[in-house]
Protein chains: 4
Amino acid sequence: MPGVPPTHFMFLGPEATFTEQALLTLPAAVRGRRTPARSVPEALDAIRSGEADAALVPLENSIGGAVGITLDELIDGTPLAITREVVIPVEFVLGAREPIAFDQIRTVAAHPQASAQCRGWLRTHLPEATVIDVLSNSAAAISAAKGEYDAAICAPIGADRYQLSLLAEKISDHPDAVTRFILVTQPGTPPAPTGDDVTSLAIFISHDRVGALLAVLMELAVRGINLTRIESRPTGERLGRYAFFLDCTGHVAEDRLGEALQGLHRVCADVRFLGSYPRHRAFDGDRPVPAPAGLSDVDYADAAAWLARIRAGDLT
Amino acid sequence: MPGVPPTHFMFLGPEATFTEQALLTLPAAVRGRRTPARSVPEALDAIRSGEADAALVPLENSIGGAVGITLDELIDGTPLAITREVVIPVEFVLGAREPIAFDQIRTVAAHPQASAQCRGWLRTHLPEATVIDVLSNSAAAISAAKGEYDAAICAPIGADRYQLSLLAEKISDHPDAVTRFILVTQPGTPPAPTGDDVTSLAIFISHDRVGALLAVLMELAVRGINLTRIESRPTGERLGRYAFFLDCTGHVAEDRLGEALQGLHRVCADVRFLGSYPRHRAFDGDRPVPAPAGLSDVDYADAAAWLARIRAGDLT
Amino acid sequence: MPGVPPTHFMFLGPEATFTEQALLTLPAAVRGRRTPARSVPEALDAIRSGEADAALVPLENSIGGAVGITLDELIDGTPLAITREVVIPVEFVLGAREPIAFDQIRTVAAHPQASAQCRGWLRTHLPEATVIDVLSNSAAAISAAKGEYDAAICAPIGADRYQLSLLAEKISDHPDAVTRFILVTQPGTPPAPTGDDVTSLAIFISHDRVGALLAVLMELAVRGINLTRIESRPTGERLGRYAFFLDCTGHVAEDRLGEALQGLHRVCADVRFLGSYPRHRAFDGDRPVPAPAGLSDVDYADAAAWLARIRAGDLT
Amino acid sequence: MPGVPPTHFMFLGPEATFTEQALLTLPAAVRGRRTPARSVPEALDAIRSGEADAALVPLENSIGGAVGITLDELIDGTPLAITREVVIPVEFVLGAREPIAFDQIRTVAAHPQASAQCRGWLRTHLPEATVIDVLSNSAAAISAAKGEYDAAICAPIGADRYQLSLLAEKISDHPDAVTRFILVTQPGTPPAPTGDDVTSLAIFISHDRVGALLAVLMELAVRGINLTRIESRPTGERLGRYAFFLDCTGHVAEDRLGEALQGLHRVCADVRFLGSYPRHRAFDGDRPVPAPAGLSDVDYADAAAWLARIRAGDLT
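Residues numbered from 1 in each chain as written. Chains lettered and ligands numbered in written order. Predicted model: local features only at pLDDT ≥ 70, side-chain atom pairs only at ≥ 80, totals over all residues. Heavy atoms only, no water.

A. Examining the overall build of chain A more closely. Helix and strand counts for chain A stand at 11 helices and 14 strands. Overall size of chain A, expressed as C-alpha extent along the three principal axes, is 85 × 45 × 40 Å. Surface accessibility of chain A: about 12,300 Å² in total, with carbon and sulfur atoms responsible for 51%. Counting 28 positive and 39 negative side-chain charges, chain A places the averaged centre of each group 2 Å from the other. (Helix = DSSP H or I, 4+ residues; strand = E, 2+ residues; numbered from the N terminus. Areas by Shrake-Rupley, 256 points an atom, 1.4 Å probe, with all protein chains shown as cover. Lys, Arg positive; Asp, Glu negative; His and termini not counted. Charge placed at Lys NZ, Arg CZ, Asp CG, Glu CD.)

Encoded structure:
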């Protein structure tokens, strides 16, 4: 129920993958009940049916490829709301049942996308090992824990959960890679603004994309709204209707974003509001990008006061 | 006093020129007191001092060149407000004390800009006549009425006032030319919106003109505000500050224009609101340009209602 | 080698998935040699090393999640070029070793994303069946062919290859879903313009995204270049540098797109040209979107001729 | 004839006004023949007919109001070209036949717009004097020289020409006011670029002004072309066609402006090129505004070289 903190959390399973690791950064989830779902649709349907209060699913995921399906689920069916985001680094580890020298490793279990992301490291450090595809990062950890394979590429939580010896850390070829998860609940009044929030939207525009998309960006730019993500979705091409997912700086309760949202509502074929929620701080000292000159909250208040004066005939 | 209909009208003199002709299209001025001023600054100072209630002066004037000084006066000194516009065609006539054949006319009195605008006609119909420069269109009419010259180029009102015989009408080489006058009063609550209004502004922007001007136009365009006039003013070039005069469709009391004005206030170095007033209808059947798709008042109301719903957590 | 038609094709394996199905729409690939790769990086490295001539990999893929890694590979390492796109519908089938009634099916093998996309169908038609996760669509087909499970969700090519009985076709909950593949080769002169081409780019812009992205879209819009896809990539957030993938209408050899590309090169921190290639026609009668008024090729030629005249002093 | 320096100069008369003062800043005009014209159309027709080589007329004129007629003349009739601009300060002086104390002055001859611009000074220094309207600044000087009136407001050249005693200098209430003149000839190859040039244009756009004008500014902004003047012209309102006069930084011979002009030619109903000519330097040390980041000539050359490389298949 909106307004009541969630106690039962779904997450994209299986257990001991990056999604569960992300979920455990939330104190309420640590205290609450956590249930893995077989798929993103299953996790979200548990929210729709009221079976659980909140679901953590990947939104931008270098591993696991769940992004498209998350987006599709958010714009199909009854509306849901994003109330939180969690961003974690994609730091793969190499674990094994027991400490083992690299040159002794002949088989490495890994999810195909995990091994793809660690290919450079594997070529350098384990050139002779055979990579065995498995269904998930946790399946890799489990198989190594059982001794089915000599080692596994997995998330840190997987190595920990299945008590693997850590042979190497941060073995990804993309050290800056992050994965972004969203916590989804039934719609309700959004969390209060914090001064550093993100608003997620799905917009639909008709044919003639550049002109229409330019109009969308102008609605944001004139209000000093920053765009931190934009993604078009492939659609059946006969339909002449295009979906874009946008993440903007700001909160629906703020004048600035409220004005921009109304503008989008006017120029787009459709707009689906997906939620306003606190921006994840990536590191200590991470600060919101300041509004451009003339577009701060103080400037908004000044302009509103000026308009009230001239409407009343005070031109001094 | 704002709210009280004016009874004492100043106008840019002398009498019997296009300005008085324009003034006499206003019923209140026909009934009220009308005083010619020697110059635009004198006319406007009579309003500032309270000596008169309203002043009619040219804003865009193909004849008389008063535009620049009107604009300068509106942005210097204590603020004034435009409450009305009057647009009249610039239709010159040729008049004489008595009917006279063209080939008998040896001298034609005319203001230099009037004769310049009728040059083609004069060359064709009075190739032998000498044009005598005089100080105004009415001075031309007066001199012809006194018999100082054989004929005069003047405004229809001048021929009428000084009882000249009309030798020819609509003799300008620019048959579509119009002159636009504004009625200026002390500031006060603007006249009520009519659904077809104009708002006049002076804006000031800093260096880097294209970028800044583009930002200004985007503020208008995203709200569907049309621009019916734009004029930059020459300024001393060291100052790095540029003035533009804009006429926009819409009324300061409307949401759409109110939002746009706030946007301009944020992005411009300064904005001076000069007034919202009914648009002059040029002819029967002259209709306001409809707002572009998605930018009508209904669209504004829809968007506001939608925003209220999503702020309340209603995403259906 | 550029200019020589490829004869040895890599594709994202395993065999008998949608990628191979897409590859077999290319006559040269039907005649040539086809080698499955374990991952997108492996497929592309085979091109870089010269081991194969061309690789078909998914770019926008509702199934399989390979998009992110394809994009990352295209912007890391030595440059490659896209020379062709293939778009196919994502039409899942249900197959089994032998004809079997729905109510006899107790186990269904499927890739997790395939079963997620067919969830509605499964709930309706096979409510009692257990879905077994497997590593790929072809692994599902193989396991059903071996009789390990009662049925499999797979691509049409998988049912065909492993001689499954078709129990149901087009069982996806998203009947319009398509997947888009690209054929990648070593860089060379792009294929000749056809009049209906796509150009793919990766652009990098610095902080302050809306302003910068707006500048990018203006470069395209003023030349009438349409944008058919835009996608931002998550990056490590400390870097202050953002990558966007764009697909534009037009060909690098054309004036219009050449001018736009130069504009992007000037305003972006970096631009990586990924290729110009014929647009995939989705269906008979699918036509390119015509250029907006004033932006056709004829208009470009007119404008160039006019400029040449005025430069030569001919102002007539 | 284009290419041959002019020797016979027309200028907007009468003699000894600001226009002649501006003309005498041109060495060729000092050496050549100078003929006053009665009006701007007369001056320009002398060029069209070949009677004179060049005409100096006001373009932006705080005094004299000739701007509108100059603009109209430039867009009507056979084309002419602007080859030079001259900007001079509007510095009025008070002159008299002989030195005379301010409190002895009872009559001051002045052009109505000159007295309007010096009103503040007159009120302070000559509160008792009567201002007599005359037809021009030089008529004022002549009348004072003849002793018809006690003093005259005129241009410095007028006081000098008619040997008046200077009673006061710089008496305008607008000390930064400048007037801008243009030198007009028959069309021909424009003067060579100097690196700091202005290009003047008249553009015509159809209804729906903001959108159309925004498109025009985008064409300039994306090429880093600065706009130093913009002015809309009143037109007969039934026509649905609007004229704007623009002054841009840059020269028609340059790639950057050439590309922008082609863009304007495509999006406008019509474009009339009025000339490219050196920018008037207002004072020592007056420098051109540098191009925005990414839009310098070096950036243009870089982008062109890059495009040539990628067209040839070189993606390194």
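That shown, we press on.
B. Representation of the domain arrangement of chain A within the structure. What the domain assignment reports for chain A is domain 1 (1–89 + 177–188), domain 2 (93–168) and domain 3 (190–316). Just the C-alpha atoms count here: the centres of domain 2 of chain A and domain 3 of chain A sit 44 Å apart. (Domains from an automatic or database assignment.)

C. Structural view of the packing of aromatic side chains. Per the counting criterion, the structure on display carries 8 aromatic pairs over all chains. Aromatic side chains A:Phe18 and A:Phe92 sit 5.4 Å apart centroid to centroid with 85° between the ring planes, which places their arrangement in the edge-to-face category. Here the residue A:Phe18 occupies a position in helix H1 (residues 18–23), and A:Phe92 occupies one in the loop between strand S4 (81–89) and strand S5 (93–96), the gap between them amounting to 74 residues. A residue is classified by how much of its surface remains accessible, and A:Phe18, at 6% relative accessible area, is buried. On the accessibility criterion, A:Phe92 (0% relative accessible area) is buried. Residues C:Phe102 and C:Trp121 carry aromatic rings whose centres are separated by 5.5 Å and whose planes lie at 75° to one another, so their mutual orientation is edge-to-face. Remark: C:Trp121 occurs in helix H6 (residues 119–125) and C:Phe102 occurs in the loop between strand S5 (93–96) and strand S6 (107–110); sequence separation between them is 19 residues. Against the face of A:Tyr300 rests B:Arg266, its NZ or CZ located 3.6 Å from the ring centre. (Phe/Tyr/Trp six-rings, centres within 6.5 Å; stacked < 30°, edge-to-face > 60°. Buried < 20%, exposed > 50% of the residue type's maximum accessible area, 1.4 Å probe, protein only. Lys NZ or Arg CZ within 6 Å of the ring centre and 35° of its normal.)

D. Focus on the sheet that holds strand S1 (residues 8–12) of chain B. Residues and elements named next belong to chain B. Judged by pairing direction, the sheet is mixed, and its 5 strands sit side by side in the order S2-S1-S3-S10-S4 without closing on themselves. Strands with a single pairing partner mark the edges of an open sheet, and in this sheet they are strand S2 (33–37) and strand S4 (81–89). Averaged over neighbouring strand pairs, the angle between their axes works out to 30° when direction is ignored. By the bridge criterion, 5 bridges tie strand S3 (residues 54–60) to strand S10 (residues 178–185) in an arrangement that is antiparallel. Paired with Val57 across the strands is Ile182, a residue of S10. Contacting S1, S2, S3 and S10, helix H3 (residues 40–48) runs over the sheet at an angle of about 145° to S3. (Pairing = 2+ DSSP bridges. Axes fitted to C-alpha atoms, helices over the stretch in contact; angles between N-to-C directions. Contact = heavy atoms within 4.5 Å.)

E. Unusual backbone geometry, seen in detail. Of note, the bond from B:Gly13 into B:Pro14 is cis; its omega dihedral lies within 30 degrees of zero at 5°. With respect to the helices, strands and loops of the structure, B:Pro14 is situated in the loop between S1 and helix H1 (18–23). One non-glycine residue with positive phi stands out, namely C:Gln163, at about 55°. Topologically, C:Gln163 is positioned in the loop between helix H8 (156–161) and strand S9 (165–169). Taking the relative accessible area as the measure of exposure, C:Gln163 reaches 69% and is therefore exposed.

F. Examining the pattern of salt bridges more closely. Going through the model one piece at a time under the given rule, you end up with 77 salt bridges over all chains. When the shortest N-O distance is used, the salt bridge between A:Glu85 and A:Arg180 registers 2.6 Å. One end of the pair, A:Glu85, is in strand S4; the other, A:Arg180, is in strand S10 (residues 178–185), with 95 residues separating them in the sequence. Pair check on accessibility: A:Glu85 and A:Arg180 agree, each one buried. Note that B:Glu259 is salt-bridged to A:Arg223, the shortest N-O span being 2.7 Å. Of this pair, B:Glu259 sits in helix H10 (residues 255–267) while A:Arg223 sits in the loop between helix H9 (209–221) and strand S12 (227–233), on two different chains. Of the residues examined, B:Glu259 reaches a relative accessible area of 9% and is grouped as buried. (Salt bridge = Lys/Arg side-chain N within 4 Å of Asp/Glu carboxyl O.)

G. Molecular detail of the sheet that holds strand S9 (residues 165–169) of chain D. Residue and element names in this part refer to chain D. Judged by pairing direction, the sheet is mixed, and its 5 strands sit side by side in the order S7-S6-S8-S5-S9 without closing on themselves. Only two strands of the sheet have a single neighbouring strand rather than two, namely strand S7 (130–133) and S9. Strand-to-strand twist of the sheet, defined as the mean angle between neighbouring strand axes without regard to direction, takes the value 30°. Pairing of strand S5 (residues 93–96) with S9, which is carried by 4 bridges, proceeds in the antiparallel orientation.

H. Molecular detail of helix H4 (residues 67–75) of chain D. Residue and element names in this part refer to chain D. In terms of residue burial, H4 counts as a mostly covered element, since 9 of its 9 residues are buried. Turning to H4, its buried residues are Val67, Gly68, Ile69, Thr70, Leu71, Asp72, Glu73, Leu74 and Ile75. In the stretch just after H4, Gly77 is the one whose phi turns positive, near 70°.

I. Structural view of the environment of A:Leu217. Topologically, A:Leu217 is positioned in helix H9. Taking the C-alpha atoms as reference points, A:Leu217 and A:Leu264, separated by 47 residues in sequence, lie 9.1 Å from one another.

J. Just helix H3 (residues 40–48) of chain A, in detail. Residues and elements named next belong to chain A. Taking burial as the measure, the 9 residues of H3 include 7 buried ones, the bulk of the element. When we look at burial in H3, the residues that qualify are Val40, Pro41, Ala43, Leu44, Asp45, Ala46 and Ile47. Of the residues flanking the end of H3, it is Gly50, one or two places downstream, whose phi is positive at about 85°.

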